[in-house]
Amino acid sequence: MYVPDNGTSITAELSASHHAAVSALKSMGANVRELRIDRFKKSFDIWSQLLGAAGGTPFRELIGKDGPIPLAREFAKTLVGRSKHTLPALSLAFLEGFSFLVPDDPTPMRELANELKAELEREIGANGVMLFPTFSRPAPRHNYGMLVPFHAAYTAIFNVLEMPSTAVPLGLSATKGVPLSSAFTAKTT
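Residues numbered from 1 in each chain as written. Predicted model: local features only at pLDDT ≥ 70, side-chain atom pairs only at ≥ 80, totals over all residues. Heavy atoms only, no water.

## A few points about the overall build of the protein chain
Inference 1: For the protein chain, the count of helices and strands is 7 helices and 3 strands.
Inference 2: Sequence-ordered secondary structure for the protein chain, helices as α and strands as β, is α-α-α-α-α-α-β-α-β-β.
Inference 3: Its C-alpha atoms put the protein chain at 55 × 40 × 25 Å along the principal axes.
Inference 4: When burial is assessed residue by residue, the protein chain has 34% of its 189 residues classed as buried.
Inference 5: Of the contacts formed within the protein chain by residues at least 6 apart in sequence, a portion of 68% connects residues at least 24 apart.
Inference 6: Of the accessible surface of the protein chain, which amounts to about 11,200 Å², a share of 56% is contributed by carbon and sulfur atoms. (Helix = DSSP H or I, 4+ residues; strand = E, 2+ residues; numbered from the N terminus. Buried < 20%, exposed > 50% of the residue type's maximum accessible area, 1.4 Å probe, protein only. Contact = heavy atoms within 4.5 Å. Areas by Shrake-Rupley, 256 points an atom, 1.4 Å probe, with all protein chains shown as cover.)

## Quick word on the pattern of salt bridges
Side-chain pairs of opposite charge can arise where the charged atoms are in close proximity.
Inference 1: Tallied over the full model, the rule gives 7 salt bridges.
Inference 2: Of the charged contacts, one joins Asp 5 and Arg 36 as a salt bridge, the two residues approaching to 2.9 Å between their closest N and O atoms. One end of the pair, Asp 5, is in the segment before α1 (12–27); the other, Arg 36, is in the loop between α1 and α2 (43–53), and 31 residues separate them in sequence.
Inference 3: Residue Asp 5 is classed as buried on the basis of its relative accessible area, which comes to 18%.
Inference 4: In this structure, Asp 45 engages Lys 42 in a salt bridge whose closest nitrogen and oxygen atoms are separated by 3.8 Å.
Inference 5: We classify Asp 45 as partly exposed; its relative accessible area is 28%. (Salt bridge = Lys/Arg side-chain N within 4 Å of Asp/Glu carboxyl O.)

## Some remarks on the packing of aromatic side chains
Inference 1: One pass over the full model with this rule turns up 6 aromatic pairs.
Inference 2: Each ring, one from Phe 132 and one from Phe 158, has its centre 5.7 Å from the other, and the planes form 85 degrees; the classification is edge-to-face. Of the two residues, Phe 132 sits in strand β1 (residues 129–133) while Phe 158 sits in helix α7 (residues 153–161), which places them 26 residues apart along the sequence.
Inference 3: Residue Phe 132 is classed as buried on the basis of its relative accessible area of 0%.
Inference 4: Residue Phe 158 is classed as buried on the basis of its relative accessible area of 2%.
Inference 5: Among the aromatic side chains, those forming a connected cluster through ring pairs are Phe 40, Phe 132, Tyr 154 and Phe 158. (Phe/Tyr/Trp six-rings, centres within 6.5 Å; stacked < 30°, edge-to-face > 60°.)

## Observations concerning the environment of Thr 86
Inference 1: Examined against the element boundaries, Thr 86 turns out to sit in the loop between α4 (71–79) and α5 (87–95).
Inference 2: It is 37 Å that separates the C-alpha atoms of Thr 86 and Leu 25, two residues lying 61 residues apart in sequence.

## Looking at the sheet that holds β1
Inference 1: With respect to topology, 3 strands assemble into an open sheet ordered β1-β3-β2, the strand pairing being antiparallel. Because the sheet does not close on itself, it has two edges, and the strands there are β1 and β2 (165–172). Each strand of the sheet is rotated relative to its neighbour by a mean of 30 degrees, with strand direction disregarded.
Inference 2: Here α1 sits on the sheet in contact with β1, β2 and β3 (179–186), set at roughly 50 degrees to β3.
Inference 3: Sitting on the sheet, α7 touches β1, β2 and β3, and the angle it makes with β1 is about 140 degrees. (Pairing = 2+ DSSP bridges. Axes fitted to C-alpha atoms, helices over the stretch in contact; angles between N-to-C directions.)

## A short note on the pairing of β2
Inference 1: Bridge count between β2 and β3: 7 bridges; the pairing is antiparallel. By the bridge assignment, Pro 169 is partnered in β3 with Ser 181.

## Considering α5
Residues separated by three or four positions in an α-helix point in the same direction, a consequence of the helix having 3.6 residues per turn.
Inference 1: Every buried residue of α5 is listed here: Ala 89, Leu 90, Ser 91 and Ala 93.
Inference 2: Residues of α5 that are buried in the fold lie against α3 (59–62) and α4.

## Quick notes on the nonpolar core
Inference 1: Judged by nonpolar contacts, the single largest core of 23 residues is most densely connected at Phe 40, Ile 46, Leu 116, Leu 120, Met 130 and Phe 158.
Inference 2: Residue assignment for this core shows that the elements contributing at least two residues are α2, α6 (107–124), β1 and α7.
Inference 3: Here the element with the most residues in this core is α6; it accounts for 6 residues.
Inference 4: Among all residues touching Ile 46, those that are not within four sequence positions of it are Arg 39, Met 109, Leu 112, Ala 113, Leu 116, Ile 157 and Val 160.
Inference 5: Ranked by size, the runner-up nonpolar core spans 6 residues in total, among them Ala 21, Val 22, Leu 131 and Phe 184. (Core = buried A, V, L, I, M, F, W, Y, C linked by side-chain atoms within 4.5 Å.)

Now the structure itself:
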């Protein structure tokens, strides 16, 4: 199954690499069908709300050696290249502090996530895989994804759906020389 996007458009070059992969799979005898999944348009909302409602040990504590990391100090260390943590990791730890932005009742998003997962498993079938973009464009520069967080929903959604997924290289960008890739996802049960 090939799903061309999640509602956030992908670059023409990335789309062409996906179509080339689909053609290659077809030439080897695979039965490939293109499908649009409307629920993917809510990927970022599902991911962010369910991540915020997940509970458990805060990320800030998980990445700390002896308890929560001191965020202000770690952000300052990133300015001089001395932090042991990446800027995206620190930003996620920071955003966890804004739990008031998460709806009190994540049930609607959890239901939407369950519906999306059920639809994907039904469409993928017992022995199928899904070809899906990993991002909206060729591999971005470090930290660029933080400027366009909605685009990261291409892969983040599979984390909260608890579905196996792997990035597969599809070649290099002719214009930037960076990797083009796709996510292959399979049914979980």
